[in-house]
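As a plain string of letters, each chain reads:
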Amino acid sequence: TLAIRGLGPDFTVTTLNGREQVSTNDNRSVEFDQYPSELISQVLVYKTPNAGMTDQGIAGTADLQTVRPLSYGKRALAVSVRGEQNSEDARIGGMKNTGDRYSVTYIDQFFDKKVGIALGYAHTESPYQTLKKESWGYPTCSACAAADQNLLVTGGEKDAVDSSVLNRDGYMGVLEFKPNDRLHVTLDAYHSDFNELQRIARLEYPLAWGANQLQPGYTTNDEFVTHGVFTGVKTVVENYINQRKSKLDSFGANVNYDLNDHWSLMADLSTSKVVRDDTLIESTAGTGPSGSGAT
């Protein structure tokens with residue numbers, strides 16, 4: 001997402017070649033990871049209104065632009081291959097900590113540079129690993145010895161492993177036709193196939209904020225109980241699967257005809273469509289209050 005002038009992303013309109021785009025997000029802000037950087041030639045950010053733009057945001061406008069083969073003016077073929085590896089290992093079965101990214105772009109002109117084409121494909125497989133340790137809070141240690149009861153102790157904790165992977169395939173096509181200095185026709189097509197999978201494994205357990213006993217032998221400093229052992233802890237085991245699949249299709253056609261040096265006619269037709277499918281699965285298990293059974 002993109003924020004301009006300190007306003008939220010909802011106040012910024014994102015366009016592709018000047019045409020407003022639908023979003024895979026839950027609000028109006030466009031998720032830029034739907035658009036591979038390998039297929040975008042430049043991004044123009046407008047912070048003030050522009051009379052030549054039909055779609056503009058309150059905070060500003062971000063216009064993603066694909067290459068124009070006739071303006072590029074020469075044949076080009078670009079190929080890119082990269083690999084990546086996280087420093088953290090994948091700690092959830094079926095996930096991995098390595099990925100790859102590759103792309104190919106072809107630009108050419110024909111018929112004495114009256115017709116131009118640009119074709120592009122970009123693939124991304126990007127993993128992400130995190131380790132999380134969250135404390136519930138720090139109450140005073142009522143279970144400590146009388147001299148230590150004003151010290152703070154951990155109320156409870158959530159320890160989690162988060163492993164995710166992003167798979168995205170983007171396709172771009174541009175066809176230009178300029179038979180003379182007056183007529184200019186441009187056809188644009190873009191498709192994105194996006195699949196993000198996140199898996200979380202988490203242990204959740206109360207410590208001071210539960211029916212647990214802090215055992216003698218704990219260590220302290222001037223403010224906290226720094227190390228100790230609790231007994232009777234009831235642990236909750238949680239697993240989450242979050243998956244988002246989305247497909248984005250954008251098409252546009254622009255015809256510009258110069259009547260003379262002062263007047264011109266232009267017609268622009270476009271469509272933008274997204275289909276999104278979310279899957280959210282959660283399982284929770286653990287020992288019940290009596291120590292037998294599951295919750």
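1. Focus: the overall build of the chain
A count of helical and extended segments in the chain gives one helix and 15 strands. Here the C-alpha atoms of the chain give a radius of gyration of 28 Å, more than 25% beyond the 19 Å that 2.2 N^0.38 yields for 295 residues. Overall, the C-alpha framework of the chain stretches about 95 × 40 × 35 Å when taken along its three principal axes. Expressed as a percentage of the 295 residues in the chain, the buried residues total 37%. Considering only contacts within the chain whose residues lie at least 6 apart along the sequence, 69% involve residues at least 24 apart. Of the roughly 17,000 Å² of accessible surface on the chain, a fraction of 53% belongs to carbon and sulfur atoms. The positive charge centre, built from 27 side chains, and the negative charge centre, built from 37, are 5 Å apart in the chain.

2. Some points on the state of the cysteines
The final tally for this structure, using the stated rule, is one disulfide. Between the sulfur of cysteine 141 and that of cysteine 144 lies a disulfide, 1.8 Å long from S to S. One disulfide, between cysteine 141 and cysteine 144, carries an S-S torsion of 80° and so falls in the right-handed class. Considered together, cysteine 141 and cysteine 144 belong to a single accessibility category, that of buried residues.

3. Regarding the nonpolar core
Counting 15 residues, the largest nonpolar core has Leu16, Tyr35, Ala118, Met172 and Tyr190 as the members making the most contacts within it. Every residue in contact with methionine 172, bar those within four places of it in the chain, is listed here: Leu39, Thr66, Val67, Ala118, Leu119, Gly120, Ala189 and Tyr190. Among the nonpolar cores identified, the runner-up in size contains ten residues, and Cys141, Leu151, Val153 and Tyr205 belong to it.

4. A word on empty space enclosed by the protein
Enumeration according to the criterion identifies one cavity of 30 Å³ or more in this entry. Within this model, the largest cavity holds a volume of roughly 100 Å³. Around the largest cavity, the lining is made up of 18 residues, and of these Leu16, Asn17, Arg19, Asp188 and Ser250 lie nearest the centre. Every element with two or more residues in the lining of the largest cavity is listed here: β2 (19-20), β8 (156-177), β9 (183-206), β14 (236-258) and β15 (264-286). Here the lining of the largest cavity is composed, by residue class, of six nonpolar, nine polar and three charged.

5. Comments concerning the packing of aromatic side chains
Enumeration according to the criterion identifies four aromatic pairs in this entry. Between tyrosine 35 and tyrosine 190, the aromatic rings sit 5.3 Å apart at their centres with planes inclined by 20°, giving stacked as the arrangement. Placement of tyrosine 35 in the loop between β2 and β3 (42-46) and of tyrosine 190 in strand β9 is noted, with a sequence separation of 155 residues between them. Across the pair, tyrosine 190 and tyrosine 35 agree in class, each one buried. Note on tyrosine 138 and phenylalanine 224: the rings are 5.5 Å apart at their centroids and 75° apart in plane angle, and the pair reads as edge-to-face.

6. Comments concerning the sheet that holds β2
With mixed pairing, the four strands of this open sheet are ordered in space as β2-β1-β4-β3. Every other strand in the sheet has two partners, leaving β2 and β3 as the edge strands with one partner each. Note: β3 against strand β4 (residues 60-65), five bridges, orientation antiparallel. By the bridge assignment, tyrosine 46 is partnered in β4 with threonine 61.

7. Describing the sheet that holds β15
Sheets are built from strands that pair by backbone hydrogen bonding, the pairs being arranged parallel or antiparallel. If you trace the seven strands from one edge of the open sheet to the other, you get β5-β6-β7-β8-β9-β14-β15, paired in antiparallel fashion. Because the sheet does not close on itself, it has two edges, and the strands there are β5 (76-85) and β15. Here the strands of the sheet are splayed against their neighbours by 10° on average, with no regard to which way each runs. Sheet topology note: the strand β6 (residues 98-110)/strand β7 (residues 115-135) ladder contains eleven bridges and is antiparallel. The residue of β7 that forms the bridge with aspartate 100 is glutamate 125.

What counts and what doesn't
- In every chain, residue numbers begin from 1 and rise along the written sequence.
- Reporting in this predicted model follows two pLDDT cut-offs: at least 70 for local features of residues, and 80 or more for side-chain atom pairs to be given and counted; totals over whole chains, interfaces and linings ignore these cut-offs and use all residues.
- Note that water and hydrogens are dropped before the side-chain values are worked out from all heavy atoms of the structure.
- Only runs of H or I of at least four residues qualify as helices and only runs of E of at least two qualify as strands under DSSP, and these elements are numbered from the N terminus.
- Here the globule rule is a power law, 2.2 Å times the number of residues to the power 0.38, and the radius of gyration is based on C-alpha atoms.
- Categorising residues by exposure relies on relative accessible area from a 1.4 Å probe, with only protein chains included: less than 20% of the type maximum marks a residue as buried, more than 50% marks it as exposed, and the intermediate range marks it as partly exposed.
- In this analysis, two residues are considered to be in contact whenever any of their non-hydrogen atoms come within 4.5 Å of each other.
- Areas reported here follow the Shrake-Rupley algorithm with a probe of radius 1.4 Å; residue values treat only the protein chains shown as occluding.
- Only four residue types enter the tally: Lys and Arg on the positive side, Asp and Glu on the negative side, with His and both chain ends excluded.
- For charged residues, the charge sits on one atom: NZ in Lys, CZ in Arg, CG in Asp, CD in Glu.
- The rule for a disulfide is simple: a pair of cysteine sulfur atoms within 2.5 Å.
- To define a nonpolar core, start from buried Ala, Val, Leu, Ile, Met, Phe, Trp, Tyr and Cys residues and group those joined through side-chain atoms within 4.5 Å.
- In this analysis, the protein atoms alone were mapped onto a 1 Å grid. Cavities are point sets where a 1.4 Å probe fits without being able to get out; pockets are open sets with protein on both sides within 12 Å along at least five of seven lines; lining residues have an atom within 4 Å of a point.
- Grid points are joined across faces, edges and corners, and a volume is the space filled by probe spheres set on the points.
- Residues are grouped as follows: Ala, Val, Leu, Ile, Met, Phe, Trp, Tyr, Cys and Pro are nonpolar; Asp, Glu, Lys and Arg are charged; all remaining types, including Gly, are polar.
- Note on aromatic pairs: the rings of Phe, Tyr and Trp (six-membered ring only in Trp) are paired at centre separations within 6.5 Å, and the planes decide the class, stacked below 30 degrees, edge-to-face beyond 60, tilted for the rest.
- Here a strand pair is declared whenever DSSP counts at least two bridges between the two strands.
- Orientation is described by axes fitted as lines to C-alpha atoms, over the contacting stretch for helices, and by angles from 0 to 180 degrees between their N-to-C directions.

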